[in-house]
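# Examining the three-dimensional arrangement
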Amino acid sequence: MAKIVVVGAGVGGATAAALLAKKGHDVTVLEAHIYPGGCAGTFYHQKYRFDAGATLAGGFHDGGPHDVVGKALGIEWKTHPAEPAWQVHLPDRIVTRYGQQDAWHDEIARAFPNQASALAFFRNMETMSDAVWAFAARQPAWPPANIGDLLQTTRALRPSTLKTLPHLFETAGAWARRSGLHDQAALTFLNAQLLISAQTTADNASALFGAAAYDLPRKGVNHVEGGIGTIAVQLVEALKKFGGQIHYRHEATRFETQNGRIVAVHTNKGARFECDYCIANLTPWDLARLLGDAAPANLIRETHTRPDEWGAFTLYLGIADQAPNQHLLSLPVEHHQVIGEYGKALGEGNSIFMSFSMPNDTTRAPSGHRALTISTHTRSANWWALRNKPGGQAEYEARVVQYSEQMLNLAERALPGLRQRIRLQLPGTPVTFKFYTRRHRGGVGGFPFTSIFRARGPHTGFLNAWLVGDSIFPGQSTAGVTMGALRVAAQI
Ligand SMILES: Cc1cc2nc3c(=O)[nH]c(=O)nc-3n(C[C@H](O)[C@H](O)[C@H](O)COP(=O)(O)OP(=O)(O)OC[C@H]3O[C@@H](n4cnc5c(N)ncnc54)[C@H](O)[C@@H]3O)c2cc1C
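Owing to the predicted nature of the structure, the values given are computational and were not obtained by experimental measurement.

### Brief notes about the environment of V27
- Residue placement: V27 occurs in strand β2 (residues 26–30).
- A C-alpha to C-alpha distance of 9.2 Å links V27 and C275, two positions 248 residues apart in sequence.

This is the structure:
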């Protein structure tokens, strides 16, 4: 039985911890915050329970990563299919993302009537997506760090994987153009889907990863009872059931190393936890920070050369849903993506994603109210520049107001009357995310998925330590970090 310390109870850390506890190891999780989940956590404020970042979860389908973990740990996930998954409000039309295949194909034909090739292109993406998801379900160890990983990856290949080869080196954008997709609305739609699922737009997104990411609704996305944070809560329950422990308010402040191994983790409480193996649910920058002088040269180089991750600007809104006799927000779906203007870069308030708690869900909001999370991609550097500028507080706050207004205007366009129903409004910037998740500069969502050959593996430079979380392949989302955690747990 090995002594394993896991730093961080995000979905990646909590998954790896619970799987290893089930195997009989002595697992201790150190979590800086007072509840688990990190970017996929749910927090309580004035009678509302808000999803902090993630709001919709994929990967619960048969053979999907959460399904595999749930079966291994005996977890009955508290999830309900979201069908349709979400609506995309383009400047001049609404596209409903049905998961049901025929309904979705009819919707493509209806939404993009001027673009005959749209249906064929998106269907091709779905074919590739099936091959990629099937490959992923066989748990390849990508990117390979040694001969064992390479063999495991090779064993995951099947004849059906071969059909992905023509797209191995191209971007989703190049593929779209080659397929004759030129319509501004269809391209904006594609870009908007990829920004939220692959963290970059079509011209930079790997075609294959882009296909798998675009196709999430067809694979099935889910609401989680009590908010997205229930996923991590259920994982922590499983951890404890199998004898593991978790210490909240324990922030790891230093990794102690000896002879190429991490031998102990020190915390802000002055505690020292010895370990045979260590799992860090951290970004590479935070790993390097905790290693201090012991950080390997490769890791230091990585932290100097990788561009920062995206940040998120968020609004958490308590919404009065009920007029005297009706749900005025009788929405066809709970999740909406709204695009401001065509021809303008997405993110920075020109695209938002908004998610309501389910109607009548009194675990999330008082009766007659809904908890709403709205987010937009934003560059963290601009927020930190103002935060760190002497006397920059007023400018920082003005920026918060400007972003809030811009996002509320878009939200109001999609759901007229929303503004007057706001009863509580809390903003979140990358500075807020840094405070609550401890992530480097409050960056979120891992690295943009530009090429499968630039994917980062779980290696740390230490023989007995691995990274989990959205910095490692396949990256962001609760499903993505679960795949990474499955790999690391299996290796240990
Ligand atoms: C606005 C937004 C919207 C998103 N939407 C979706 C979505 O709809 N669907 C989806 O699947 N994904 C979504 N994501 C992405 C998803 O939330 C993340 O990719 C995923 O949750 C990251 O998990 P992780 O394992 O990397 O852990 P993280 O979320 O990074 O959590 C890390 C944990 O470690 C703890 N920690 C950090 N440092 C220390 C330390 N030194 N000591 C102790 N503890 C520490 C933190 O407190 C935290 O609990 C969204 C993200 C954001 C920000």
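And the narrative resumes.
### Focus: unusual backbone geometry
- A cis amide bond, omega -5°, links E83 with the succeeding residue P84.
- Inspection of the secondary structure puts P84 in the loop between β6 (79–81) and β7 (86–90).
- Between W142 and P143 the backbone carries a cis peptide bond, its omega angle lying at -10°.
- In this structure, P143 sits in the loop between α4 (117–137) and α5 (147–155).
- For R438, which is not a glycine, the phi torsion comes out positive at approximately 65°.

### Observations concerning the site of the ligand
- Close contacts around the ligand come from 40 residues, with G8, G10, G12, G38 and G469 the closest.
- Counting only elements with at least two residues in the shell around the ligand, the list comes to α1 (11–22), β15 (311–320) and α16 (478–491).
- Tallied by class, residues from the shell around the ligand come to 16 nonpolar, 18 polar and six charged.
- When residues of the shell around the ligand are assigned to domains, at least three map to each of domain 1 (3–80 + 225–306 + 447–491) and domain 3 (310–440).

### Regarding the nonpolar core
- Counting 136 residues, the largest nonpolar core has A16, A17, L239, C278 and I279 as its most contacted members.
- Tallying contributions element by element places helix α7 (residues 184–198) first for this core, with ten residues.
- In this structure, A16 is in contact with V6, I279, V468, A485, V488 and A489, ignoring residues within four places of it in sequence.

### Side note on the sheet that holds strand β22 (residues 465–467)
- Taken together, five strands build an open sheet; the order of strands is β10-β2-β1-β14-β22 and the sheet is parallel. Across the chains shown, the open sheet's two edge strands, defined by having one partner strand only, are β10 (245–247) and β22. For this sheet the average axis-to-axis angle between neighbouring strands, irrespective of direction, equals 15°.
- Relative to β22, strand β14 (residues 277–280) runs parallel, the two being bridged by three bridges. Across the sheet, residue I279 finds its bridge partner in β22, namely W466.

### Notes on the pairing of strand β20 (residues 369–378)
- Within β20, ten of the ten residues are buried, leaving the element largely enclosed by the surrounding structure.
- On β20, burial covers both faces: H369, A371, T373, S375 and H377 on one face and R370, L372, I374, T376 and T378 on the other are all buried.
- The pairing of strand β19 (residues 351–356) with β20 spans four bridges and is classified as antiparallel. Pairing of F356 across the sheet is with L372, part of β20.

### Examining the sheet that holds strand β21 (residues 422–428)
- What the seven strands build is an open sheet, ordered β8-β7-β18-β19-β20-β15-β21; its pairing is mixed. One side of each edge strand has no neighbouring strand; the edge strands of this open sheet are β8 (93–97) and β21. Here the average twist between neighbouring strands, direction ignored, is 20°.
- Here β7 pairs with strand β18 (residues 335–339) via three bridges, running parallel. For Q87, the partnering residue across the bridge sits in β18 and is H336.
- Relative to the sheet, helix α14 (residues 393–414) contacts β7, β15, β18, β19, β20 and β21, its axis offset from that of β18 by approximately 110°.

Each value, and the rule that gives it
Residues numbered from 1 in each chain as written. Predicted model: local features only at pLDDT ≥ 70, side-chain atom pairs only at ≥ 80, totals over all residues. Helix = DSSP H or I, 4+ residues; strand = E, 2+ residues; numbered from the N terminus. Near = placed C-beta within 6 Å. Nonpolar A, V, L, I, M, F, W, Y, C, P; charged D, E, K, R; others polar. Domains from an automatic or database assignment. Core = buried A, V, L, I, M, F, W, Y, C linked by C-beta atoms within 7 Å. Buried ≥ 20, exposed ≤ 12 C-beta atoms within 10 Å, placed from the backbone. Contact = placed C-beta atoms within 7 Å. Pairing = 2+ DSSP bridges. Axes fitted to C-alpha atoms, helices over the stretch in contact; angles between N-to-C directions.

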